[in-house]
Amino acid sequence: MKIICIGRNYLAHIRELDNDLPTEPMFFMKPETALLSAGEAFPYPDFSNEIHYETELVLRICKLGKAIDEKMASEYYDAITVGIDFTARDLQSQCKAKGHPWEMAKSFDYSAPIGEFKKISELRNPADIAFGMKLNGEWVQQGHSRDMIFSFDRIIAYVSRFVTLNEGDFIFTGTPQGVGEVHIGDNLELFLENEFVFGFKVK
Ligand code: ZN
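Quantities reported herein were computed from a predicted structural model and do not represent experimental measurements.

(A) View of the coordination of the zinc ion. Summarising the metal site, the zinc ion is bound by the protein donors Glu54 (OE), Glu56 (OE) and Asp85 (OD), whose distances to it range over 1.9 to 2.1 Å. One chain supplies every donor for the zinc ion, spaced along it as E-x1-E-x28-D. You can see Glu56 sitting in strand 4 (residues 55-61) and its partner Asp85 sitting in the loop between strand 5 (77-84) and strand 6 (87-88), a full 29 residues away along the chain. Since its relative accessible area comes to 0%, Glu56 is described here as buried. Judged by relative accessible area, which is 1%, Asp85 ranks as buried.

Here's what the structure looks like:
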């Protein structure tokens, strides 16, 4: 399986990082080794001094597709959860400055903790999914899927032009504003439609 991540999909987050407004989705990938087992703590990596959390909705692909028509795209994902796209912001800044790829800053081990998936059809409001994260008991990110620049369907259509999607692949759909640093000892709790999904510590 593979993990595809969309960057720059919420206006307020683009502004907080001083990035340009995209005209098309931008994506990158994380390997399967980026997953963090349920109940495990996130080990703060020794190669960075600035690990940021990015709280995101994560889609699960339910059938194989290539060059998917946007009008048919909703048939290719059936479940959703919340996850963290951990980012070594210090390394990412170095990569950007040198024009290098981002993998070392985005795709490292345990950089993609995700919760249990829920059927999208069982959500209270699939048209506007609320999600968020509490850091040490305080809300630091709260987002709504209606604020995405590129919809789930647009993302599926766009990405599948380049990369075949397989059943079981995950797609991180971008972070709203409020990204920030984690530190050893921090406790993260993730929510979907205001219901607790999962939590973990940084060690
Ligand atoms: Zn992200």
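Picking up where we left off.
(B) Looking closely at helix 4 (residues 152-162). Listed in full, the buried residues belonging to helix 4 are Phe152, Ile155, Ile156, Ala157, Tyr158, Val159 and Ser160. Of the surrounding secondary structure, the elements contacted by the buried residues of helix 4 are strand 1 (3-7), strand 2 (26-30), strand 4, strand 5 and strand 10 (170-172).

(C) Fine view of the sheet that holds strand 13 (residues 195-201). The strand order 9-8-12-13 describes an open sheet built from four strands, whose pairing is antiparallel. The open sheet terminates on both sides in strands that have one partner only, identified here as strand 9 (138-144) and strand 13. Adjacent strand axes in the sheet meet at a mean angle of 15° when their direction is disregarded. Here six bridges tie strand 8 (residues 130-135) to strand 9, and the two strands are oriented antiparallel to one another. Bridge pairing in strand 9 links Lys134 to Trp139.

(D) Representation of the pattern of salt bridges in the model. For the structure on display, the rule yields 13 salt bridges. One salt bridge connects Asp78 with Arg60, and the closest N-O pair in it is separated by 3.8 Å. With Asp78 in strand 5 and Arg60 in strand 4, this residue pair connects regions lying 18 residues apart in the sequence. Among the residues examined, Arg60 registers a relative accessible area of 27% and is labelled partly exposed. The partner of Arg146 in a salt bridge is Asp147, and the shortest N-O contact between them spans 3.9 Å. Given a relative accessible area of 42%, Asp147 falls into the partly exposed group. If you follow the salt bridges from partner to partner, you end up with Lys30, Glu54, Asp85, Arg89 and Lys106 in one network.

Parameters at a glance
Here, residues in each chain are numbered from 1, in the same order as that chain's written sequence. pLDDT decides what is reported in this predicted model: residues at 70 or higher carry local features, side-chain atom pairs at 80 or more are listed and counted, and totals for whole chains, interfaces and linings draw on all residues regardless. With hydrogens and water set aside, each side-chain value is computed from the structure's full complement of heavy atoms. In this description, a donor is an N, O or S atom within 2.8 Å of the metal centre, a cutoff extended to 3.2 Å for sodium, potassium and calcium. Water is not part of the atom list, which can make sites seem incomplete. By the criteria applied, helices consist of DSSP H or I runs no shorter than four residues and strands consist of E runs no shorter than two, each listed in order from the N terminus. Burial classes: relative accessible area under 20% of the type maximum marks a residue as buried, over 50% as exposed, and values in between as partly exposed (1.4 Å probe, protein chains only). Residues count as neighbours in contact if any of their non-hydrogen atoms are within 4.5 Å of one another. Criterion used throughout: strands pair if DSSP finds at least two bridges between them. The angle between two axes is taken between their N-to-C directions and runs from 0 to 180 degrees, where each axis is a line fitted to C-alpha atoms and a helix contributes only its stretch in contact. Salt bridge, as applied in this entry: a Lys or Arg side-chain nitrogen positioned within 4 Å of an Asp or Glu carboxyl oxygen.

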